[in-house]
Amino acid sequence: MQWRVIAETMARLEATTRRLEQQAILGALFRQVPPDQIDRVIYLCQGQLAPPWVNIEFGLSERLLPRAIAQAAGVPEAQVVALYKQQGDLGLVAEEVLRGPGAGLTLAEVYARLQEIAAARGAGAISRKVSLLADLLSRLSGLEARYVVRIVQGRLRLGVGDATIMDALAEAFGGKEARPVIERAYTLRADLGLVGRLLATQGVEAVRQIGPEPGTPVLPALAERLPSAEEIIRKVGTVAAEPKYDGLRLQVHRDGERIWLFSRRLEDLSETFPEIVRAVRRQVRARRAIFDGEALAYNPETGEFFPFQITVTRRRKYRIQEMEERYPLRLFAFDLLLADGTDYTPRPFRERRAALEALIARDPDDTIQVTEQIVTADPRALERFFLAMVERGLEGIVAKRPDAPYHAGARNFNWIKLKRSYTGRLSETVDVVIVGYLLGRGKRAQLGIGSLIGAVYDPENNRFRTVAKIGSGLSEEEWRELRRLLDEIRVPVKPPYVDAQIAADVWVEPRYVVEVLADEITRSPLHTCGKRNEEPGYSLRFPRVVRIRFDRRPEDATTEAEILRLYEQQQTVPERA
Ligand code: AMP
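Cut-offs and rules
Residues numbered from 1 in each chain as written. Predicted model: local features only at pLDDT ≥ 70, side-chain atom pairs only at ≥ 80, totals over all residues. Heavy atoms only, no water. Helix = DSSP H or I, 4+ residues; strand = E, 2+ residues; numbered from the N terminus. Buried < 20%, exposed > 50% of the residue type's maximum accessible area, 1.4 Å probe, protein only. Areas by Shrake-Rupley, 256 points an atom, 1.4 Å probe, with all protein chains shown as cover. Lys, Arg positive; Asp, Glu negative; His and termini not counted. Charge placed at Lys NZ, Arg CZ, Asp CG, Glu CD. Near = heavy atom within 4 Å. Polar contact = N/O pair within 3.5 Å; in protein donor to acceptor, adjacent residues only side chain to side chain. Nonpolar A, V, L, I, M, F, W, Y, C, P; charged D, E, K, R; others polar. Axes fitted to C-alpha atoms, helices over the stretch in contact; angles between N-to-C directions. Parallel < 35°, antiparallel > 145°, perpendicular 65-115°, else oblique. Left-handed = near helix turned anticlockwise from the far one by under 90°. Contact = heavy atoms within 4.5 Å. Core = buried A, V, L, I, M, F, W, Y, C linked by side-chain atoms within 4.5 Å. Phe/Tyr/Trp six-rings, centres within 6.5 Å; stacked < 30°, edge-to-face > 60°. Pairing = 2+ DSSP bridges.

All right, on to the overall build of the chain then. A count of helices and strands for the chain gives 22 helices and 21 strands. In terms of overall dimensions, the chain has a C-alpha envelope of 75 × 60 × 50 Å along the principal axes. Taking all 577 residues of the chain together, the buried fraction comes to 57%. About 24600 Å² of surface is accessible on the chain, with carbon and sulfur atoms providing 48% of the total. For the chain, the distance from the average position of its 85 positive side-chain charges to the average position of its 80 negative side-chain charges is 2 Å.

As structure tokens, this is what we get:
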């Protein structure tokens, strides 16, 4: 398979935002690719060489890329830099200056070279990376180079979501019945390349057999929300309710001596929390296991738990030992997915919980503990439990259906969160994705950022729709920092998967999520959240940033449907103290 075919397909994908069209284009490509190379094509369409959770960095900065392009094209570096300033897209710049027809490189050759660039380490690595890339580019046509440059820069942005890739896989191999099989496999083994390759080489039945496997993250189950204990009981009947800890979600994997920790965004944090890794060795009574939990930092002097703001400081790559001594973690395990030979994900929660209790051994440190739990069908008992947790300074509770399976990747009423209310009619915070910002006036103009444009997610259509302009809640220092982060991901025009009517001064790639508190949800002609035809959309009134959620992916943001639901609740539920 020629790289030219991949590049042409990427160009066609990029030119449309219609999901069905993208699906047809990708499906046709998948049928054409040799089955044992389909995983590479899938990763490349995701802008990577491996599943997104594998840390692969090309290690070529924005400063070095123009050098490689200039070398390949035989033009002065200053010319490439000037064009980049004008156009804001290095891929297009490379396309413009590379005028050769290309040497007809194959997908395998390009992929192998990209791997080589990423793998170069040690002394002289940087100049080696530059010359490897320059050599590769010199053998590509302009269009072929466009996508290589964007991949290396980490800015492919084809706007093709996981769902579209799965649709295309089903279309190419196995049709409609294959779609749910593919999705199930992917939620349990979050590696679309692996699933696609298995499907292409061995067929649907092989994919049906996929279960969770230590070392590959499972998409975490997520919680819905309801406004009161009473509504929860009305909806579910008997629930198993647990404290809702406000820390970091960790999915723990063990395969013998190898241990992995994955964040909610599926980042590999195995190196970051060594005390958890040691505790897994001591406390987990199985050679192979996967379980879910929430990690919290505590004060080693008093044993008290710290708030989220402190816990989150443990998420860093340097001075790990010092941080561990200062803010050690405790992990509250709350669900079990795999233990030795048993895949627990289809089993009822009641059974998973019993097996989890048997799995975790007590230990003098008790670094890993199984969460407290009450089982009740009485709304008053549930309310009392909730109030007791709030009293303890926790966020609230999560009430779970005792008979539900572990539904990987799903947000549904198997888990329902009930959170402490803040002031205002909207008792919940929402998580919005920043899609751009406005410059602002007066004092704020000096900071170069006046307000953020926040959007919610519509997973059906893979769109981000605006719901708020947020201009308060951060300190000057934080605004500055956020602006710096946003400027790194600014894009010249509004991305096709952002649905907005307001004109941003700066558009950015949807990447950062902020937790926002607002007074209520109102109808608004300005925003596109919930907007259909001529009807007004929905917006957050008096929004302020509570914190930046580096632990969330844009797709984890509050969904458009949730905003509509919150709006309904707000109309019907009396104000809570
Ligand atoms: P939210 O982030 O507000 O959607 O709430 C769901 C999150 O609460 C999960 O992703 C976990 O990180 C966290 N959490 C804390 N305690 C629990 C618990 N006992 N069961 C499930 N999730 C919990």
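This part takes up the site of the ligand. Taken together, 15 residues lie near the ligand, and Arg-249, Glu-294, Lys-400, Lys-417 and Arg-552 sit nearest. One of the backbone nitrogen or oxygen atoms of Pro-243 is found 3.1 Å away from a nitrogen atom of the ligand. Contact with the protein chains removes 96% of the 490 Å² of surface that the ligand exposes when unbound. The leading source of residues in the shell around the ligand is strand 11 (residues 411–419), at four residues. For the shell around the ligand, the class distribution of residues is five nonpolar, no polar and 10 charged.

Remark: helix 7 (residues 107–119) packs on helix 8 (residues 125–138), axes separated minimally by 9 Å, with the N-to-C direction vectors making an angle of 165°. Judged by the angle between their axes, helix 7 and helix 8 are roughly antiparallel. The handedness of the crossing between helix 7 and helix 8 comes out as left-handed. Mapping the contact onto sequence places Val-110, Arg-113, Leu-114, Glu-116, Ile-117 and Ala-118 in helix 7 and Arg-128, Lys-129, Leu-132, Leu-133, Asp-135 and Leu-136 in helix 8. Residue composition of the contact of helix 7 with helix 8, grouped by class: seven nonpolar, no polar and five charged.

Let us look at the environment of Met-10. Relative to the helices and strands, Met-10 resides in helix 1 (residues 3–14). According to the relative accessible area criterion, Met-10 is buried, its value standing at 1%. Residues contacting Met-10, with those up to four places away along its chain left out, are Leu-44, Cys-45, Tyr-147, Ile-151, Leu-156 and Leu-158.

Our focus in this paragraph is the nonpolar core. Counting residues in hydrophobic clusters, the biggest one holds 81 residues, and the most contacted among them are Trp-3, Phe-30, Leu-114, Leu-133, Leu-137 and Val-148. One finds Val-430, Leu-452, Leu-540 and Ile-548 within the second-largest nonpolar core, a separate group that totals 32 residues.

Once that is clear, we can look at the environment of Gln-569. Looking at the secondary structure, you find Gln-569 in helix 22 (residues 560–572). With 154 residues separating them in the primary sequence, Gln-569 and Trp-415 have C-alpha atoms 18 Å apart. Filtering out sequence-adjacent residues up to four positions away, Gln-569 remains in contact with Arg-225, Leu-226 and Pro-227.

Before going further, it helps to examine the packing of aromatic side chains. Aromatic ring pairs are reported here in terms of the distance separating the ring centres and the angle at which the planes meet. Applying the stated rule across the entire model yields 10 aromatic pairs. Centroid distance Trp-53 to Phe-262: 5.8 Å. Interplanar angle 80°. Geometry classified as edge-to-face. With a gap of 209 residues between them, Trp-53 in the loop between helix 3 (38–45) and helix 4 (64–73) and Phe-262 in strand 4 (residues 258–262) connect regions that are remote in the sequence. We note that Trp-53, like Phe-262, is buried. Seen from their ring centres, Tyr-406 and Trp-415 are 6.2 Å apart, and the 80° between their planes marks the pair as edge-to-face.

Another point: the sheet that holds strand 9 (residues 374–376). With mixed pairing, five strands are arranged side by side in an open sheet as 1-11-10-2-9. The sheet is open, and its two borders are formed by strand 1 (222–225) and strand 9, each paired with just one other strand. Across the sheet, the mean angle from the axis of one strand to that of its neighbour is 40°, orientation sign disregarded. By the bridge criterion, three bridges tie strand 2 (residues 239–244) to strand 9 in an arrangement that is antiparallel. What sits directly across from Ala-240, in strand 9, is Val-375. In the packing of helix 14 (residues 229–236) onto the sheet, the strands contacted are strand 2, strand 9, strand 10 (396–400) and strand 11, and the crossing angle to strand 11 comes to about 160°.

Packing of helix 2 (residues 19–32) against helix 3 leaves a shortest axis separation of 10 Å and a crossing angle of 150°. Between helix 2 and helix 3, the angle is such that the two are roughly antiparallel. Remark: the crossing between helix 2 and helix 3 carries right-handed chirality. Two secondary-structure elements touch here, helix 2 through Leu-26, Leu-29 and Phe-30 and helix 3 through Ile-38, Val-41, Ile-42 and Cys-45. Its residues assigned to classes, the contact of helix 2 with helix 3 shows seven nonpolar, no polar and no charged.

If you trace the backbone, Asp-292 turns up in strand 5 (residues 288–297). The exposure class of Asp-292 is buried, given its relative accessible area of 0%. Here the side chain of Asp-292 touches Tyr-406 through a polar contact of 2.7 Å, side chain to side chain. Asp-292 has contacts with Arg-249, Leu-250, Gln-251, Phe-332, Ala-333, Phe-334, Asp-335, Leu-337, Tyr-406 and Trp-415, leaving out every residue within four places of it along the chain.

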